[in-house]
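# A structural walkthrough
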Amino acid sequence: MIIEALLEFGLGIVRFISYCVTEVVVEILCRGAGYRICRLFSSNVKRDGFRVFFVGLIFWGFIFTLVAMLFSSGSLALEIDKCLDRGGSFNYQTNTCRYE
């Protein structure tokens, strides 16, 4: 009986946290960014519209892709820099460091 009550309490907390995360992601990030972008092009924009949500989702997808690409190229640049600082030569075709 006590275990069931604790389990229900725990599930309630998990539901509340997931609701808060969903609200933050959907409302603030997607709809907020989408609304601001749509307002640049039209003054008659509904904040709760699907177009606003879709534009916000595309915006954050673009930002995520851009950050991933920059991180990927930045990590390769750091790897090359480490190799050269340690006195090695970097083979750009195989992306490996050689020490001779």
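The structure contained in this document is the topic of the report that follows.

### Observations concerning helix α2 (residues 50-85)
Compared with an ideal rise of 1.5 Å per residue, which puts 36 residues at 52 Å, α2 spans 52 Å between its outermost C-alpha atoms and is within 8% of the ideal. The set of residues buried in α2 consists of V52, G56, I80 and C83. Where α2 is buried, its residues touch α1 (2-41), β1 (89-91) and β2 (96-98). Two residues or fewer after α2 comes G87, characterised by a positive phi angle close to 90 degrees.

### Points about the packing of α1 against α2
As a packed pair, α1 and α2 sit with axes 7 Å apart at the nearest point and diverge in direction by 100 degrees. Overall, the two elements α1 and α2 adopt an arrangement that is roughly perpendicular. From α1, V26, L29, C30, R31, A33, G34, Y35, I37 and C38 reach across to α2, where they touch R51, V52, F53, V55, G56, L57, F59 and W60. When its residues are assigned to classes, the contact of α1 with α2 shows 13 nonpolar, 2 polar and 2 charged.

### Some thoughts on the state of the cysteines
The full count for this structure, using the stated rule, is 1 disulfide. Bridging C83 to C97, the disulfide has an S-S length of 1.9 Å. On the sign convention where negative is left-handed, the bridge of C83 and C97, at about 80 degrees about the S-S bond, is right-handed. Taken as a pair, C83 in helix α2 and C97 in strand β2 lie far apart in primary sequence, 14 residues in all.

Rules of the game
Residues numbered from 1 in each chain as written. Predicted model: local features only at pLDDT ≥ 70, side-chain atom pairs only at ≥ 80, totals over all residues. Heavy atoms only, no water. Helix = DSSP H or I, 4+ residues; strand = E, 2+ residues; numbered from the N terminus. Expected span 1.5 Å × (residues − 1). Buried < 20%, exposed > 50% of the residue type's maximum accessible area, 1.4 Å probe, protein only. Contact = heavy atoms within 4.5 Å. Axes fitted to C-alpha atoms, helices over the stretch in contact; angles between N-to-C directions. Parallel < 35°, antiparallel > 145°, perpendicular 65-115°, else oblique. Nonpolar A, V, L, I, M, F, W, Y, C, P; charged D, E, K, R; others polar. Disulfide = S-S within 2.5 Å.

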